[in-house]
Amino acid sequence: MTATDTPGSATRRIGSLVRDARRHRGLTQHQLAELLGTSQSAVARIEQGGQNLTLELLGRLSGALESALISVGSAGPTHLRVEGGHRLQGSVAVKSSKNAAVALLCAALLNRGRTTLRNVARIVEVERLLDVLGSIGVSATWDEAGRDLTLVVPDRLDLAGIDADAARRTRSIIMFLGPLLHRSPTFALPYAGGCDLGTRTVEPHMIALRPFGLDVEARAGEYHATVRPNDPSARTIVLTERGDTVTENALLAAARAEGTTTIRNASSNYMVQDLCLYLRLLGVEIDGLGTTTLVVRGKPVLDAEVDYTISEDPVEAMSLLTAGIVTGSELTVCRAPIEFLEIELAVLAEMGLRYRLSEEYLADNGHTRLTDITISPSELRAPIDKIHPMPFPGLNIDNLPFFAVIAAHAGGSTLIHDWVYDNRAIHLSDLTRLGADVRLMDPHRVLVTGPTHWSSAEIVCPPALRPAVCILLAMLAAKGTSVLRNVDIIARGYEHLYERLVEMGAHIQVFRD
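Throughout what follows, the structure given in this document is the object of discussion.

The rules behind the values
Along each chain, residue indices are assigned from 1 in the same order as the chain's sequence is written. Local features in this predicted model are restricted to residues of pLDDT 70 or higher, and side-chain atom pairs are both shown and tallied only at a pLDDT of 80 or more, whereas totals for entire chains, interfaces and linings draw on every residue. As a convention, hydrogens and water are excluded, and side-chain values are obtained from all of the structure's heavy atoms. Helix and strand definitions here come from DSSP, where helices need a minimum of 4 consecutive H or I residues and strands a minimum of 2 consecutive E residues; each element is numbered from the N-terminal end. A radius of gyration in this sense is built from C-alpha atoms; the matching globule rule multiplies 2.2 Å by the number of residues raised to 0.38. Each residue gets one of three labels from its accessible area relative to the maximum for its type: buried under 20%, exposed over 50%, partly exposed in between, using a 1.4 Å probe on protein chains only. Should any heavy atoms of two residues lie within 4.5 Å, those residues are counted as being in contact. In this analysis the probe radius is 1.4 Å and the grid spacing 1 Å, with only protein atoms considered; a cavity is a set of points the probe fits into but cannot get out of, a pocket is an open set with protein on both sides within 12 Å along at least five of seven lines, and lining residues have an atom within 4 Å of a point. Grid points are joined across faces, edges and corners, and a volume is the space filled by probe spheres set on the points. Under the scheme applied here, ten amino acids are nonpolar (Ala, Val, Leu, Ile, Met, Phe, Trp, Tyr, Cys and Pro), four are charged (Asp, Glu, Lys and Arg), and all others, including Gly, are polar. The rule for a salt bridge is simple: a side-chain nitrogen of Lys or Arg has to be within 4 Å of a carboxyl oxygen of Asp or Glu. Helix axes are fitted to C-alpha atoms over the stretch in contact, other axes to C-alpha atoms as well, and angles between N-to-C directions run from 0 to 180 degrees. In these notes the angle categories are as follows: under 35 degrees is roughly parallel, over 145 is roughly antiparallel, 65 to 115 is roughly perpendicular, and the rest is oblique. Crossing handedness is read from the near helix: turned anticlockwise from the far helix by less than a right angle, it gives a left-handed crossing, and turned clockwise, a right-handed one. The term polar contact refers here to a pair of N or O atoms within 3.5 Å; inside protein, the definition further demands a hydrogen-donor-capable atom paired with an acceptor-capable atom, and it admits residues adjacent in sequence only when both atoms are side-chain atoms. If DSSP finds at least two bridges between two strands, the strands pair.

### Side note on the overall build of the protein
Counting secondary structure elements, the protein contains 17 helices and 23 strands. For the protein, the C-alpha radius of gyration of 23 Å lies close to 24 Å, the compact-globule estimate for 513 residues. Referenced to the eigenvectors of the C-alpha coordinate spread, the extents of the protein come out at roughly 60 × 60 × 50 Å. The proportion of buried residues among the 513 residues of the protein is 55%. Considering only intrachain contacts with a sequence separation of at least 6, the fraction spanning at least 24 residues in the protein is 74%.

### Quick notes on unusual backbone geometry
The omega torsion across Phe392 and Pro393 is 15°, close enough to zero to call that bond cis. Going from Gly450 to Pro451, the amide bond is cis rather than trans, its omega being 5°. Structurally, the position occupied by Pro451 is in the loop between strand S20 (445-450) and strand S21 (458-460). Positive phi outside glycine occurs at Asn486, with the angle close to 60°. Examined against the element boundaries, Asn486 turns out to sit in the loop between strand S22 (480-485) and helix H17 (497-503). Phi is positive for His496, which is not a glycine, with a value near 55°. As for its placement among the helices and strands, His496 is situated in the loop between S22 and H17.

### Observations regarding empty space enclosed by the protein
Applying the stated rule across the entire model yields four cavities of 30 Å³ or more. Of the volumes computed, that of the largest cavity is approximately 50 Å³. In this structure, the largest cavity is lined by Tyr270, Gln273, Asp274, Leu277, Tyr308, Ser311, Glu339, Phe340, Asn365, His367 and Thr368. At four residues, helix H11 (residues 270-282) tops the list of elements feeding residues into the lining of the largest cavity. Counted by class, the lining of the largest cavity contains four nonpolar, five polar and two charged residues.

### Here's the deal with the pattern of salt bridges
In the structure shown here, the tally under the stated rule is 20 salt bridges. Here Arg128 and Glu125 are joined by a salt bridge, their closest N and O atoms 4.0 Å apart. Placement of the pair is Arg128 and Glu125 together in helix H6 (residues 124-135), with a separation of three residues, close to one helical turn. Classification of Glu125 as buried rests on a relative accessible area of 1%. One salt bridge connects Arg335 with Glu312, and the closest N-O pair in it is separated by 3.0 Å. Pair noted here: Arg335 is in strand S14 (residues 331-337) and Glu312 is in the loop between strand S13 (306-309) and helix H12 (314-326), with a separation of 23 residues, a long-range link. By relative accessible area, which is 22% here, Arg335 ends up partly exposed. Among the residues examined, Glu312 registers a relative accessible area of 3% and is labelled buried.

### Quick word on the packing of H12 against helix H14 (residues 400-409)
Relative to each other, H12 and H14 sit at 15°, their axes nearing to 10 Å. The pairing of H12 with H14 is recorded here as roughly parallel in orientation. At the point where H12 passes H14, the crossing takes the left-handed sense. Residues Val315, Met318, Ser319, Thr322, Ile325 and Val326 of H12 form the contact with H14, whose participating residues are Phe402, Phe403, Val405, Ile406 and His409.

### Some thoughts on the side chain of Asn111
Along the chain, the position of Asn111 falls in the loop between helix H5 (98-107) and strand S3 (114-118). Here Asn111 falls in the buried class, since its relative accessible area comes to 1%. Side chain to side chain, Asn111 and Thr115 meet in a polar contact 3.1 Å long. With residues up to four places along the chain from it excluded, the contact list for Asn111 reads Val153, Tyr278, Leu282, Leu302, Asp303, Ala304 and Val306.

### Re the sheet that holds strand S10 (residues 260-264)
The pairing of strands in a sheet comes from backbone hydrogen bonds and takes either a parallel or an antiparallel form. The four strands lie next to each other as S9-S10-S12-S11, forming an open sheet whose pairing is mixed. Either end of the sheet is taken by a strand with one partner, and the two such strands are strand S9 (235-238) and strand S11 (285-287). When strand polarity is set aside, the average angle formed by the axes of neighbouring strands in this sheet is 15°. The pairing of S10 with strand S12 (residues 293-297) spans five bridges and is classified as antiparallel. From the neighbouring strand, Thr261 faces S12, where its bridge partner is Val296.

### A closer look at the side chain of Asn99
Tracing the chain through its elements places Asn99 in helix H5. One polar contact links Asn99 to Lys98, side chain to side chain, over a distance of 3.5 Å. The contact partners of Asn99, leaving out residues within four places of it in the chain, are Glu248, Tyr270, Met271 and Asp398.

Shown next as structure tokens:
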């Protein structure tokens, strides 16, 4: 933690560090309080980011926990030293969905009552959104275990006080449009950012939200929104893009809109289903869950005490499966949301992967189907056809990059076609630094020829989340010592990924310059 952070975000992040360091030492909150000469409630407030912190208190915390919690100035970027060529073993449980978490954080703005979200991913993207929500007056409190989050939204939001820096570093901020159009006739939001995936237009969001009376003009680094009166009777929206966040924005707008809203060409992906389940708990009637046509009967006032557990992340599941595949490991990935991995597993089976599935069981949200997937070392071959993503139930766009690493591990040539993003395929060419034969055909297609005799290298992390993780996973297979620099982007979408890989047998060290 550095002294250059803003006060609100700094106390929350230091609180997270204190909690993790306390657990690492095996201390309860009461035991830490005794070491500090304070109360357990004070320790709880520190860990929740609700306690003012002096340098003297920080020094006492660092001493009690035997961990440096703050430094003056920048501590520099984080790097990884990876000793590859080691097989993984054992089992690993999939954590909750990052994309569902950010959608539900935005959806909480609809509720006048208290929202409790359970099993929330502690990742940078979530922390950024919490910084934004806190800056406009939303109360967010973690439980003692740091897994469940309670949100209370005030009657009036302080939109003028929005944390513009945090807002500009996430694309998720665009999902504020749907909830906010019901709260203010005019408002402004900073431009959305996120990882570098080329130009992505926001026009599909505008098409989805205009029927609710929202007009948006982009100027001076902000979206300036105006809400005009609109017909409260039935409305039909045809999405020109079956995007996940576009569908979520339409759902968020429809939830408090009078009348019936029909959304056609809607995404039915995992995060959209999580959002629908949460909105149903708020009292919104939604038909068509899991299909491309959603019929929403909104309520102008949503006031409910909601308790919802977020489902598991299929993209993290695919990441962990890839780690086992490229290292030739016998590995079990537990709590995998099978409905959102069936096409990926079908492609892997065609390539020769040997795996078995446990009996299915339900996630804690009572809806999502889970299974435990055990993979065995397999001799893979290139598929006959190209590998390309499609909207759900097709192969997930976020899972596509992992197939580049898997294709490099397989025998033969595989064409990977990333038609959605302009430049992500370019980032996959970094695999050549580790010995892979990856030929960039154009900004959307790469031809991968294997099997690869992986070799170690030093690489600067690409500025896109999934390709960055692909480089790390390839390094696990490369004999020798590799260095992956500037890996902070991985923390944007993964929780404790390095530590969990180490628990399975990977040799990874985290260091700074």
